[in-house]
Amino acid sequence: WGQDVKTLKLLLDGHGVERINLAYWGTGDPAAYGIDYVPLPGLTAFPGQAPRQPELPGYVAISVNNLVAAPPEVRASYRRWIERGTLVARLGYSIYVYKVP
């Protein structure tokens, strides 16, 4: 799992984004791909990576599995960010990236 993390890294590099807010569902740590991220609440927690509030304005990447299966209160926070933001990219079928003011 995590097949679109490599694509996320390419997108970040292409847009000059150094740090992203990430609600990621997968087994590999995105830091292993050189992604500097703020871990958001969701279905996957990495050792030593407690979920935090996003650093906004900025970019928010959310795995589709989190959009449909995270606890309702977590999905509500995603909706708030998505409604304020602009969809920047759909990476494969697994990660949506938004620019949030």
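Everything below is about the structure printed above this text.
Presented here is a report on the structure given in the accompanying data block. (Residues numbered from 1 in each chain as written. Predicted model: local features only at pLDDT ≥ 70, side-chain atom pairs only at ≥ 80, totals over all residues. Heavy atoms only, no water.)

Concerning the pairing of strand 4 (residues 86–91)
In terms of strand pairing, strand 4 meets strand 5 (residues 95–100) through five bridges, oriented antiparallel. Across the sheet, the residue bridging to leucine 91 is isoleucine 95, located in strand 5. (Pairing = 2+ DSSP bridges. Helix = DSSP H or I, 4+ residues; strand = E, 2+ residues; numbered from the N terminus.)

Points about the pairing of strand 3 (residues 58–63)
Among the six residues that make up strand 3, six are buried, leaving the element largely enclosed by the rest of the structure. Pairing analysis gives three bridges linking strand 1 (residues 20–23) to strand 3, with the strands arranged parallel. Each bridged residue has a counterpart across the sheet, and for alanine 23 the counterpart in strand 3 is isoleucine 62. For strand 3 and strand 5, the ladder comprises six bridges, and the chain directions are antiparallel. Within the sheet, the bridge partner assigned to glycine 58 lies in strand 5 and is valine 100. (Buried < 20%, exposed > 50% of the residue type's maximum accessible area, 1.4 Å probe, protein only.)

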